[in-house]
Amino acid sequence: MNPTSPESQTGATNAASCRVPFLALFGGGALWLVVGLTLAILASLTFHKPDIFANCAWLTYGRLQPAANDAIVYGFCVPAALGVILWIFCQLSESELLLPLLPIVGANLWHLGVFVGLIEILIGGSTGFPSLEFQRGGSVLLFAAFLLIAISAFATFGARRRRELHPSHWFLLAALFWFPWIYSTANLFLMAWPVRGVCQAVVDWWFCANFLFVWTALAGIGVGLFYLFGGPNDEEATGPDDNQRFLTLFSFWTLILFGAWCGIPQGAPVPAWLPALSAVGAALTILPILTIASVALRAVRTRGAAPCRGGPRCSILFGTAFFVISGIMFVALGCPHIGPVIELTWFAFAQTQLQILGFLTIVLCGAICALMPRVMGFDLVFPRLARVRHWLFISGIVLFAGALAVGGILQGLKLQSLAPFATVTASVLPFYRVSTTGLLFLWLGALLFALNIFGMTLKWKLARLHSCLAWLRAPEETIAAADTAAAAGNGRAK
Amino acid sequence: MKNGFHVFLAAFVALGISWLGFVLGSILQLGVEGQATVLQSSDLYPVQRPGAATMGLQVYRAEGCAACHTEQIRQEGVACDVVLTAMGNNPAAVKKAVAGLGAQISDATNALPKTVLSRVSKAGADAATASISSAGGTAEIHIVATGPDIARGWGVRGSVARDYLWDDPVQLGNLRAGPDLANVGARLGNVTWQLLHLYAPQSVVKGSAMPPFRFLFRVEKIGGAPSPDALQLPKPFAPAPGYEVVPTRDARNLAAYLVSLHADVPLFEAPFTPEVSTK
């Protein structure tokens, strides 16, 4: 694109409007990703040396593991996804970010909420509900922050010039709507007016499936479709043809209709109709998964498979592949005869991790590394490291989730076959060793990602400091220079 | 879909259906559940846990034991055992009938009651009792729950919704890095064992992979008389001479909670014949 063309001029101001909110969302997110993976590595040490943290309540496995998970999911995935959603809405609306103050405030509230929640888990104040361990304070902050950011997203969406919706609009709008509903339902029924007995587990399962599977799919696929089909100003954009549009719409509908039924494990101590309904939902969820796979494959074929250099499309294709694998694992967990064998094992854990770290994180990091240079107006500080980060993530997740999935199947079969419990534990250990190696790769990748984000923040802050200093030294000259630049800009815009 | 409102509506309908079914439906059905009478008894089940155990649940939650342990026994189905309870007047005929079922019994009557057929269908059990009673003996049909969890000895029946009535938060867990604990009080009902296991799992389970929870205990210098609560640890795990290991209140509550974990009474929705009557 010609850098002096009027479109690129407005494009640049539109992009600049995202700067501060994005630095807040992605900077905090990158930090939490590193923190979360650090906690995950510490947690995994318990299995290598059980008495390693025997004297330290803060670092006991049962606190570290949920803290690690929440730091990654709530600390990184959600704010990063929100930032990328804001960016995509700006691009599709060809507008600047509206109400930018809301995401700035929202991002800070969000990170504060995560901080409070994590500290509470580590001092023994977890609620005890998987994936909802944050106490009231933390969850109220998260909820409010999400709404603030979503309002800005809706405003930007409303400002679009083309009335017609892009397929990624469907997924992302639904994601903005989905989270507040499930998060408020779960928190109200578990914390505010706790339901009795096993209903708590049902509400939690419902939330987990709708959040960790459906929401992550809506967000990740929505982002992926934007980069696969291209936005309005993308010269290479092919856009979806009618067939692809139909397939995407089909996958959207089936995902929200059937995905929302999943989550109640087969054999759970609840009335039989609940797991039965979930089994139907899980079986039908194979439809959106396969459709997404075919849409992605076609997009690759029409645009040709460029060599992978860690760009957004490359990340998205890998991410989508992981989504398809994780989706099939998710469906298997919900099936009547297979599910009971593998569900209370490391396999289920591997599925969630693959969905979060393999699919959503890889897609989001790819998108962020592609959009930040445009937002900031300068290139990544360490572009090479972004590529290294890409391959570290991919090899890390394959080792981490792959080993645990295989180990989990073995564990499940051995538990069924009545092998003594100690043998079962021992036979999983080699796989666990490999998975910790994978975690180390992921951790390194996260570190490189954070380095890039923080490098950009620093560079930008220094540049601002510089211009401030210049203004202090010679106010008139600086203003005059700015005026000529603005006049030149206006002249070009006309 | 033409505009944002349509997308909103689609998501609203999809999530609304699932919300009505799973959230509201289960609350309406399970939320009204109360105590029930235990089969063939007038006892009510479940009863509230004792106070210390209720507080112990909060320790269990805070330490995240559910990250490694489940509290849900899975059951695959039910089967019948045929138990011979009396030989009657014609032991030889009964013996012959039992041999026809593929089992052997000795002459001594104190060997009774004896399980002569195990894990058969209802029809098979009925046929067997009929053949025994036509030979003059008496046989009972016992209902047993089946499945790997039960065969492992983790429980005598599958967990049902009612088991969790009084617990808040319900700690079902989702990973079995350690054994299932839904019925641990029935198999390891000794508070001292539980305390030893929490302080030093390897002192009671050889090669245990469970992390020790030493921070739930205090190592104290023995003052005048040793504390009556102090753990009697085997040599490699014992503290330095002159010191003793005393459980904190959290540890004692947690142990009380663990031994209170029982899911071993027959219910209408989870029937089985209690073990006591067989040998």
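Rules used throughout
Residues numbered from 1 in each chain as written. Chains lettered and ligands numbered in written order. Predicted model: local features only at pLDDT ≥ 70, side-chain atom pairs only at ≥ 80, totals over all residues. Heavy atoms only, no water. Helix = DSSP H or I, 4+ residues; strand = E, 2+ residues; numbered from the N terminus. Rg over C-alpha atoms; globule rule 2.2 N^0.38 Å. Buried < 20%, exposed > 50% of the residue type's maximum accessible area, 1.4 Å probe, protein only. Contact = heavy atoms within 4.5 Å. Phe/Tyr/Trp six-rings, centres within 6.5 Å; stacked < 30°, edge-to-face > 60°. 1 Å grid on protein atoms, 1.4 Å probe; cavity = no way out; pocket = protein on both sides within 12 Å on 5 of 7 lines; lining within 4 Å. Points joined across faces, edges and corners; volume = space filled by probe spheres on them. Buried area = accessible area lost by both parts, 1.4 Å probe. Salt bridge = Lys/Arg side-chain N within 4 Å of Asp/Glu carboxyl O. Polar contact = N/O pair within 3.5 Å; in protein donor to acceptor, adjacent residues only side chain to side chain. Nonpolar A, V, L, I, M, F, W, Y, C, P; charged D, E, K, R; others polar. Pairing = 2+ DSSP bridges. Axes fitted to C-alpha atoms, helices over the stretch in contact; angles between N-to-C directions. pLDDT = per-residue confidence, 0-100. Patch = residues over 30% accessible without salt bridge, like charges linked within 9 Å, V, L, I, M, F, W, Y side chains within 5 Å. Areas by Shrake-Rupley, 256 points an atom, 1.4 Å probe, with all protein chains shown as cover. Expected span 1.5 Å × (residues − 1). Parallel < 35°, antiparallel > 145°, perpendicular 65-115°, else oblique. Left-handed = near helix turned anticlockwise from the far one by under 90°.

### Description of the overall build of chain B
The helix and strand tally for chain B stands at 9 helices and 7 strands. What you see for chain B is a C-alpha radius of gyration of 26 Å, clearly larger than the 19 Å of a compact globule of 279 residues, by over 25%. Once the C-alpha set of chain B is aligned to its principal axes, its extents read approximately 80 × 70 × 35 Å. For chain B, the residues scored as buried account for 50% of the 279 residues in total. Long-range pairs, those at least 24 residues apart, make up 74% of the contacts in chain B between residues at least 6 apart in sequence.

### Observations regarding the packing of aromatic side chains
All names here are of chain A. With the rule as written, the count across this model stands at 41 aromatic pairs over all chains. For the ring pair Tyr-74 and Tyr-183, a centre distance of 6.0 Å and an interplane angle of 55° mean the geometry is tilted. Residue Tyr-74 is located in helix H3 (residues 61-93), and its partner Tyr-183 is located in helix H6 (residues 167-192); the two are separated by 109 residues in the primary sequence. Accessibility assignment for this pair places Tyr-74 and Tyr-183 in one class, buried.

### Quick notes on empty space enclosed by the protein
Residue and element names in this part refer to chain A. One pass over the full model with this rule turns up 6 cavities of 30 Å³ or more. When its volume is computed, the second largest cavity comes out at roughly 100 Å³. Together, 15 residues line the second largest cavity, and Ala-40, Gln-65, Phe-349, Phe-400 and Leu-439 are the ones closest to its centre. Elements represented by at least two residues in the lining of the second largest cavity include exactly helix H2 (19-48), H3, helix H12 (346-376), helix H13 (383-416) and helix H14 (421-473). Element by element, the count of residues in the lining of the second largest cavity is highest for H3, at 5 residues.

### Some words on the interface of chain B and chain A
The partner chain A presents 78 residues to the 65 residues of chain B that form the contact. Of the roughly 5,800 Å² buried where chain B meets chain A, counting both sides, 69% is carbon and sulfur surface. Taken together, the links from chain B to chain A amount to 2 salt bridges. Put simply, Arg74(B) and Glu343(A) hold a salt bridge, and the shortest N to O gap is 2.0 Å. Inspection of the region where chain B meets chain A yields 23 residue pairs in polar contact (both at pLDDT 80 or more). Contributions of two or more residues to the side of chain B that touches chain A are made by helix H1 (4-30), helix H2 (51-62) and helix H5 (148-151) of chain B. Top contributing element to the side of chain B that touches chain A by residue count: H1(B), with 20 residues. In the side of chain B that touches chain A, the residues fall into 37 nonpolar, 17 polar and 11 charged.

### Describing the sheet that holds strand E3 (residues 77-86) of chain B
All names here are of chain B. Pairing is antiparallel in the open sheet, where 3 strands are placed in the order E4-E3-E5. Each edge of the open sheet is held by one strand with a lone partner, namely strand E4 (114-120) and strand E5 (138-146). Across this sheet, the average inter-strand angle for adjacent strands is 20°, counted without regard to direction. Sheet topology note: the E3/E5 ladder contains 9 bridges and is antiparallel. For Val-83, the partnering residue across the bridge sits in E5 and is Glu-140.

### Quick notes on the confidence of the model for chain B
Detail in the predicted coordinates should be disregarded across regions flagged by low pLDDT. Of the residues in chain B, 96% have a pLDDT of 70 or more, and the chain-wide mean is 91. Across the predicted assembly, pTM comes out at 0.94 and ipTM at 0.93.

### Observations regarding a nonpolar patch on the surface
A surface patch of nonpolar side chains, amounting to about 630 Å² of accessible area, comprises Leu458(A), Leu462(A), Leu465(A), Leu469(A), Trp471(A) and Leu472(A). Mapped onto the elements, Leu472(A) comes out in helix H14.

### Re the pattern of salt bridges
Counted under the stated rule, the structure contains 16 salt bridges over all chains. One salt bridge connects Lys49(A) with Asp51(A), and the closest N-O pair in it is separated by 3.0 Å. According to the relative accessible area criterion, Asp51(A) is partly exposed, its value standing at 32%. A salt bridge links Glu269(B) to Arg162(B); the shortest N-O distance between them is 2.9 Å. Of the two residues, Glu269(B) is situated in the segment after helix H9 (249-259) and Arg162(B) in the loop between H5 and helix H6 (184-187); the sequence distance between them amounts to 107 residues. Each of the salt bridges in this network shares a partner with another, and the network as a whole consists of Glu33(B), Arg162(B) and Glu269(B).

### Remarks on helix H8 (residues 242-259) of chain A
The end-to-end C-alpha separation of H8(A) is 25 Å, in line with the 26 Å expected for 18 residues at 1.5 Å each. Listed in full, the buried residues belonging to H8(A) are Gln244(A), Leu247(A), Thr248(A), Ser251(A), Phe252(A), Thr254(A), Leu255(A), Ile256(A), Phe258(A) and Gly259(A).

### Here's the deal with the packing of H2(A) against H14(A)
Residues and elements named next belong to chain A. Contact geometry of H2 with H14 gives a least axis separation of 9 Å together with a crossing angle of 155°. Considering their axes alone, H2 and H14 lie roughly antiparallel with respect to each other. The hand of the H2/H14 crossing is left-handed. Here the contact of H2 with H14 is composed, by residue class, of 24 nonpolar, 6 polar and 2 charged.

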